[in-house]
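Here is how the chains run, residue by residue.
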Amino acid sequence: METVVVAFEGEKNGRRLKELLESSGTAACLLCRTADQVKRLVRQQRLTAVVCGYKFPDGTAEELAGELPGFCTVLLLAPRGLLELVPERPGLLRLPAPAGRRELLAAVEELLRLGEEAGALLPPRRSREEREVVERAKERLMARNGMTEEEAHRALRRRSMDCRIPLADAARMLLDGERPAP
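Sequence positions are assigned chain by chain, starting from 1 and proceeding in written order. Given that the model is predicted, a residue must reach a pLDDT of at least 70 before its local features are reported, and side-chain atom pairs must reach 80 or more before they are shown or counted; all residues, however, enter totals for whole chains, interfaces and linings. With hydrogens and water set aside, each side-chain value is computed from the structure's full complement of heavy atoms.

Going by an unreviewed UniProt entry, the chain carries the name ANTAR domain-containing protein and comes from Flavonifractor plautii 1_3_50AFAA.

In structure tokens form, the structure reads like this:
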């Protein structure tokens, strides 16, 4: 069974949707209440599907969808008036609330299908050693430059793309370049 991130500011809405998806056998669910929790889960577990409401304590669904990796698709469940505020874009499905059970399950199945297609294009996961070196490099950037974790990750990714090397190699270069010479 596929895993879906269910993210709503209100706990009650998230729990109801989780119960519906799990009891129907459509998907296993991980509950979140903030956009930051969603981003962290998606990146750590490489999840490809998010069902969410319009607003979070730390941002909107539109902002969240724009910050998620390209392999992740989002189903926004919100009143029609709020849906109209969110421009159409690839990887973002919209469903007016309240939605009927059948309509909601069909939308989540479409979300999972799109996520599966996008997930098939994912590169293999980094090894544990590679993840650790990237984390150490981010920690160094955060400590020395006062960056947030996300800013440090973006800086590493930018260096990786500029040098046309894997992220772990960019992290190693950063760590090696800052070591004192013997």
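S.K.: Give a detailed account of the overall build of the chain, specifying residues and quantitative values.
M.R.: A helix here means a DSSP run of H or I that spans at least four residues, while a strand means a run of E at least two residues long, and both kinds are numbered starting from the N terminus. If you tally the helices and strands in the chain, you get eight helices and seven strands. By the convention used here, residues are in contact when the closest approach between their heavy atoms is within 4.5 Å. Long-range pairs, those at least 24 residues apart, make up 56% of the contacts in the chain between residues at least 6 apart in sequence. Accessible surface computed for the chain: about 10700 Å², of which carbon and sulfur atoms make up 50%. Neither His nor the chain ends contribute to the count of charged residues, in which Lys and Arg are positive and Asp and Glu negative. A single reference atom marks each charge: NZ on Lys, CZ on Arg, CG on Asp, CD on Glu. Within the chain, one finds 31 positive and 29 negative side-chain charges whose respective centroids are separated by 2 Å. In this description, accessible areas are obtained by the Shrake-Rupley approach with a 1.4 Å probe, and a residue is regarded as covered only by the protein chains that are shown.

S.K.: Quick one: what's the story with the sheet that holds strand β7 (residues 92-96), residue by residue and with numbers?
M.R.: Pairs of strands are assigned from DSSP output, requiring at least two bridges between the strands. Strands sit in the order β2-β1-β3-β6-β7 across an open sheet of five strands; the sheet is parallel. The open sheet has two edge strands with one neighbour each: β2 (28-32) and β7. Averaged over all pairs of adjacent strands, the angle between strand axes in this sheet comes to 20°, irrespective of strand direction. Examined bridge by bridge, strand β6 (residues 73-78) and β7 share five bridges and lie parallel to one another. By the bridge assignment for β7, Leu 77 is matched with Leu 95. Note on geometry: axes are C-alpha line fits, over the in-contact stretch for helices, and angles between N-to-C directions span 0 to 180 degrees. Taken strand by strand, helix α1 (residues 11-23) contacts β1 (3-7), β2 and β3 (49-52), and its axis lies near 170° from that of β2.

S.K.: I'd like a description of the packing of helix α6 (residues 128-145) against helix α8 (residues 167-177), backed by residues and values.
M.R.: Viewed as axis vectors pointing N to C, α6 and α8 meet at an angle of 50°, and their least axial separation amounts to 8 Å. Between α6 and α8, the angle falls in the class oblique. Seen along the crossing, α6 lies across α8 with a hand that is left-handed. When α6 is examined against α8, the residues Glu 129, Glu 130, Val 133, Val 134, Arg 136, Ala 137, Arg 140 and Leu 141 are found in contact with a partner set consisting of Leu 167, Ala 168, Ala 171, Arg 172, Leu 174 and Leu 175. Gly is placed with the polar residues, together with every amino acid not listed as nonpolar (Ala, Val, Leu, Ile, Met, Phe, Trp, Tyr, Cys and Pro) or charged (Asp, Glu, Lys and Arg). Tallied by class, residues from the contact of α6 with α8 come to nine nonpolar, no polar and five charged. Should an angle fall under 35 degrees it is taken as roughly parallel, and over 145 as roughly antiparallel, whereas 65 to 115 is taken as roughly perpendicular and any remaining angle as oblique. The sense of a crossing depends on the near helix, which, turned anticlockwise from the far helix by less than a right angle, makes the crossing left-handed and, turned clockwise, makes it right-handed.

S.K.: So what's going on with the nonpolar core? Residues and values would help.
M.R.: Ranked by internal contacts, the top residues of the largest apolar core, which has 24 residues, are Val 5, Val 38, Val 42, Val 50, Cys 52, Leu 68 and Leu 76. Among the elements of the structure, β1, α2 (35-45), β3, α3 (61-67) and β6 are those that each provide at least two residues to this core. When sequence neighbours within four positions are dropped, the list of residues in contact with Val 38 reads Val 5, Ala 7, Cys 32, Val 50, Leu 64 and Leu 68. Residues Ala 27, Cys 29, Leu 75 and Leu 104 belong to the second largest nonpolar core, which totals 19 residues. To define a nonpolar core, start from buried Ala, Val, Leu, Ile, Met, Phe, Trp, Tyr and Cys residues and group those joined through side-chain atoms within 4.5 Å. Partly exposed residues are those whose accessible area sits between 20% and 50% of the maximum for their type, while under 20% is buried and over 50% is exposed, using a 1.4 Å probe and protein chains only.

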